[in-house]
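# Structural features, examined
These are the residues of each chain, in order.
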Amino acid sequence: MQARTFQQVDVFTDTAFLGNPLAVVLDGTGLSDAQMQSFARWTQLSETTFVLPPTPEGAAGGADYRVRIFTPGMELPFAGHPTLGTAHAWLSVGGQPRQSGQLVQECGVGLVTLKQLGERWAFAAPPLTRSDISAEDLGPVLAALGLDASEVIAAQSLNNGPHWLGLLVDSVDTVLALEPDHAALKKLGTKVGVAARRPAPAGGLIRRANREARAFTASNTRIANDPTDLEVRAFAAPVGVAEDPVTGSLNASLAQWLMADGHMPGTYSARQGTVLGRAGQVFLSQDTQAQVWVGGDVVGCIQGTVNL
């Protein structure tokens, strides 16, 4: 074992402890897959990252560093809040990008570019593969979520490295009131992202009395005053995370889908983590080349070393 530089940061928030925490081991050299997975399981955070030198192929493509991303249960080829959080930690310990105002991260999906937009960094959403979902496949997922098919405006299978089932539903109340059967979702092997636009569209809104009560309790008064455009929740029981506080990869794929199909404009902000007592905020924008950028604030919380 050796002492390795370590940080814990909070991502998609400008206020510590209101976003999604990330553990970052800033020197993962020499660690085995099993050691990385064991530490990620021990942290009990949704993701833990390990920074490594780029591979020769990555370096040739301009990578500043390589990152491996682990949930408590498995390694991911890409994830959003680990991308922003690792970049923040790497820069904070003196990392020098090859190009000012831009970073290139090597990970399981290849090279991911980050750029500085004002005081905030954003990553380029990886290419998305998406497809429709049959009613037969959607039914068990809706049952596990406690959703009625009439509450779903649109559904897509989304894959930008991680695979998500994306659901656009009829209202913020519907999103906040969900009480999923996580065991059922784990058995189905399905990670689900559920989103609703603000304000809720007129018509087609189903409100059960107990659902209204739960939604009001969860959202408190922030719902009425919050300027964000989309409410999001992410359920990831198959990778050991019942509900993720704020999810960059999901918000990236949701934006690529919702913008392309006209459900959301080319620039918007999303809120996630409300039911968990968090206040995560994700900033989505599409440039003139139709590239979606996913930005957010990062706050450092813990700096030190870890013996690994």
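Residues numbered from 1 in each chain as written. Predicted model: local features only at pLDDT ≥ 70, side-chain atom pairs only at ≥ 80, totals over all residues. Heavy atoms only, no water.

### Brief notes about the pairing of strand 2 (residues 20-25)
Counting buried residues in strand 2 gives 6 out of 6 residues, a clear majority hidden from the surface. Of the two faces of strand 2, both are covered, the one formed by N20, L22 and V24 as well as the one formed by P21, A23 and V25. As judged from the 3 bridges shared by strand 2 and strand 3 (residues 48-52), these two strands associate in the parallel manner. Residue pairing in the sheet places V24 in a bridge with T49 of strand 3. (Buried < 20%, exposed > 50% of the residue type's maximum accessible area, 1.4 Å probe, protein only. Helix = DSSP H or I, 4+ residues; strand = E, 2+ residues; numbered from the N terminus. Pairing = 2+ DSSP bridges.)

### Points about the packing of aromatic side chains
According to the stated counting rule, one finds 6 aromatic pairs in the structure shown. When the ring of F39 is compared with that of W42, the centres are 5.8 Å apart and the planes differ by 20°; the resulting orientation is stacked. Of this pair, F39 and W42 both sit in helix 1 (residues 33-43), 3 residues apart, which is roughly one turn of that helix. Taken together, a centroid distance of 6.3 Å and an interplanar angle of 70° make the contact between F39 and F50 edge-to-face. Placement of the pair is F39 in helix 1 and F50 in strand 3, with a sequence separation of 11 residues. The residues F39 and F50 share a single accessibility class, namely buried. (Phe/Tyr/Trp six-rings, centres within 6.5 Å; stacked < 30°, edge-to-face > 60°.)

### What about helix 4 (residues 135-145)?
Within the span of helix 4, buried status applies to L138, V141, L142, A144 and L145. All buried residues of helix 4 project into a common sector of 160° when viewed along the axis, lining one side. Looking at helix 4, the residues exposed on the side facing more than 90 degrees away from the buried face are E136 and A143. On its buried face, helix 4 sits against strand 10 (152-159), strand 11 (163-169), helix 6 (182-188), strand 12 (192-197) and strand 13 (230-236). Just downstream of helix 4 lies G146, where phi reads positive at about 75°. (Arc of directions from axis to C-beta. Contact = heavy atoms within 4.5 Å.)

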